[in-house]
Amino acid sequence: MKLLRLTHYFLFLLAQFLWQGCMLYGFPGDFHKFRNLSPKKIEEFAKNVRQNLEYGNLNLRVKVRLYEPLKSDSQKFGEIFYTNSSRKQKIRAVFGDKEYKFSYHRDRMAKNSSDKNFPINAPLFDDLLLTPQDLLFTLSWNDSYEYFGEAKVAGRPVHQFIRYEKDSINDIQYASILAFVDIKYMIILQIDFLNDVSILVRRLSVGSFKNFDGIWMPKIVEIMDLRGHRRTKLEILSVEIEN
């Protein structure tokens, strides 16, 4: 198993080196100073990341804009209602007459929507890449992640964590997920989806953060389909704390 993962790691580095025509902000080869963290320190860091993402008991009403950067007529405006209590996160996304509800609790996910046939890993809109699963990836922590080393994303030192699972999102098959977590602020800066030969096929990246009345939230999240060379951006316009 260790040999297989080392092989995947080597192939991933090679694929990143050979990739052309796409900006890559962080990858395993971009080490600034590798440190051998003890299992105890890794576990402690992962625990702090999870607690940091839970925000305590919180109800947020977030107004958002969803669009493709090169298409002015692709804009969709909506609201995302985020609730966190008793270690369970609930999200309700409303775009026009479409409403989607889904929740996350200890690696278990449930969903329902106005469209009973709507899958959690399909885009909210056909012409844009955002899926309900993307929101959960950026707002929650999965304890099945394994430590994968250090790197840099947009110049910031990060710890990498990898999760091996075969699934699909927006019809893109992946075999593992690589999460890049800011070492200082314990915030997820980037999530990469790798196929079965560890080639990057999809990416979620946080373009910037903003302090909304004392709560630090992603300002812009970009979703990239590297297979189809498509991009979608989610921009947070305002955040309100509800009782």
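Remember, it's a predicted structure, so these values are computed and weren't measured experimentally.

### Some thoughts on empty space enclosed by the protein
One way to see where empty space is left: roll a probe the size of a water molecule over the atoms. For the structure on display, the rule yields four cavities of 30 Å³ or more. Each pocket or cavity is described by its volume, and for the largest cavity that value is around 210 Å³. Lining the largest cavity we find 16 residues, and of these Leu135, Leu139, Met217, Leu234 and Ile236 sit closest to its centre. Of all the secondary structure elements, the ones that give two or more residues to the lining of the largest cavity are β1 (58-67), β2 (76-85), α3 (132-139), β11 (215-225) and β12 (230-241). Of the residues that constitute the lining of the largest cavity, the class distribution is 14 nonpolar, one polar and one charged.

### Details of the nonpolar core
The biggest cluster of nonpolar side chains holds 49 residues, and the ones touching the most others in it are Val62, Ile91, Phe137, Trp141, Phe161 and Phe193. When near neighbours in sequence (up to four residues on either side) are disregarded, Phe137 contacts Arg163, Ile169, Tyr174, Ile177, Ile188, Ile191, Phe193 and Leu204. Counting residues in each nonpolar core, the second largest holds seven residues, with Val153, Ile162, Phe180 and Leu189 among its members.

### Digging into the packing of aromatic side chains
Evaluated as defined, the whole model comprises five aromatic pairs. Considering the side-chain rings of Phe137 and Phe193, the 5.4 Å spacing of their centres and the 75 degrees angle between planes classify their relative orientation as edge-to-face. Taken together, the residues Phe137 in helix α3 and Phe193 in strand β9 (residues 188-194) connect sequence positions 56 residues apart. A relative accessible area of 0% means that Phe193 is categorised as buried.

### A few points about the pairing of strand β6 (residues 146-153)
Of the strand pairs in this sheet, β6 and strand β7 (residues 156-169) are connected by seven bridges, and their pairing is antiparallel. In the strand pairing of β7, Val153 is matched with Arg156. Hairpin connection, β6 to β7: the antiparallel pair is bridged by two residues, and Ala154 has positive phi, about 50 degrees.

### Thoughts on the side chain of Lys219
Relative to the helices and strands, Lys219 resides in strand β11. Note on Lys219: relative accessible area 17%, which makes it buried. In contact with Lys219, other than residues within four places in its own chain, are Ser208, Phe209, Lys210, Phe212, Leu234, Glu235, Ile236 and Leu237.

### Thoughts on the confidence of the model for the protein chain
For the protein chain, mean pLDDT is 77; residues scoring 70 or higher make up 76% of the total. This stretch, residues 1-34, has a pLDDT under 50; its non-local contacts, to residues over four places away or in other chains, come to 62 contacts.

### A look at the pairing of strand β8 (residues 172-182)
By the criterion of burial, β8 is predominantly enclosed, with 10 of the 11 residues buried. Judged from the 10 bridges that link them, β7 and β8 form a sheet pairing that is antiparallel. Note that in β8 the partner of Gln160 across the bridge is Phe180. Hairpin remark: β7 followed by β8, antiparallel, with two residues in the connecting loop; positive phi at Asn170, about 55 degrees. Inspection of the sheet shows β8 paired to β9 by six bridges, in the antiparallel sense. Its bridge partner lying in β9, Phe180 is registered against Gln190.

### Some thoughts on the layout of surface pockets
In this structure, the second largest pocket occupies an estimated 270 Å³ of space. Val153, Ala154, Arg156, Asp182, Tyr185, Ile187, Leu189, Val206, Gly207, Ser208, Phe209 and Trp216 are the residues that line the second largest pocket. Class assignment for the residues of the lining of the second largest pocket results in eight nonpolar, two polar and two charged.

### Let's talk about the pattern of salt bridges
For the structure on display, the rule yields 12 salt bridges. For Arg92, the salt bridge identified is with Glu99, shortest N-O distance 3.8 Å. Across the pair Asp182 and Arg156 runs a salt bridge, and its minimum N-O distance is 2.3 Å. Linking Asp182 in strand β8 with Arg156 in strand β7, this pair joins segments that are 26 residues apart in sequence.

The rules behind these values
- Residues numbered from 1 in each chain as written.
- Predicted model: local features only at pLDDT ≥ 70, side-chain atom pairs only at ≥ 80, totals over all residues.
- Heavy atoms only, no water.
- 1 Å grid on protein atoms, 1.4 Å probe; cavity = no way out; pocket = protein on both sides within 12 Å on 5 of 7 lines; lining within 4 Å.
- Points joined across faces, edges and corners; volume = space filled by probe spheres on them.
- Helix = DSSP H or I, 4+ residues; strand = E, 2+ residues; numbered from the N terminus.
- Nonpolar A, V, L, I, M, F, W, Y, C, P; charged D, E, K, R; others polar.
- Core = buried A, V, L, I, M, F, W, Y, C linked by side-chain atoms within 4.5 Å.
- Buried < 20%, exposed > 50% of the residue type's maximum accessible area, 1.4 Å probe, protein only.
- Contact = heavy atoms within 4.5 Å.
- Phe/Tyr/Trp six-rings, centres within 6.5 Å; stacked < 30°, edge-to-face > 60°.
- Pairing = 2+ DSSP bridges.
- pLDDT = per-residue confidence, 0-100.
- Salt bridge = Lys/Arg side-chain N within 4 Å of Asp/Glu carboxyl O.

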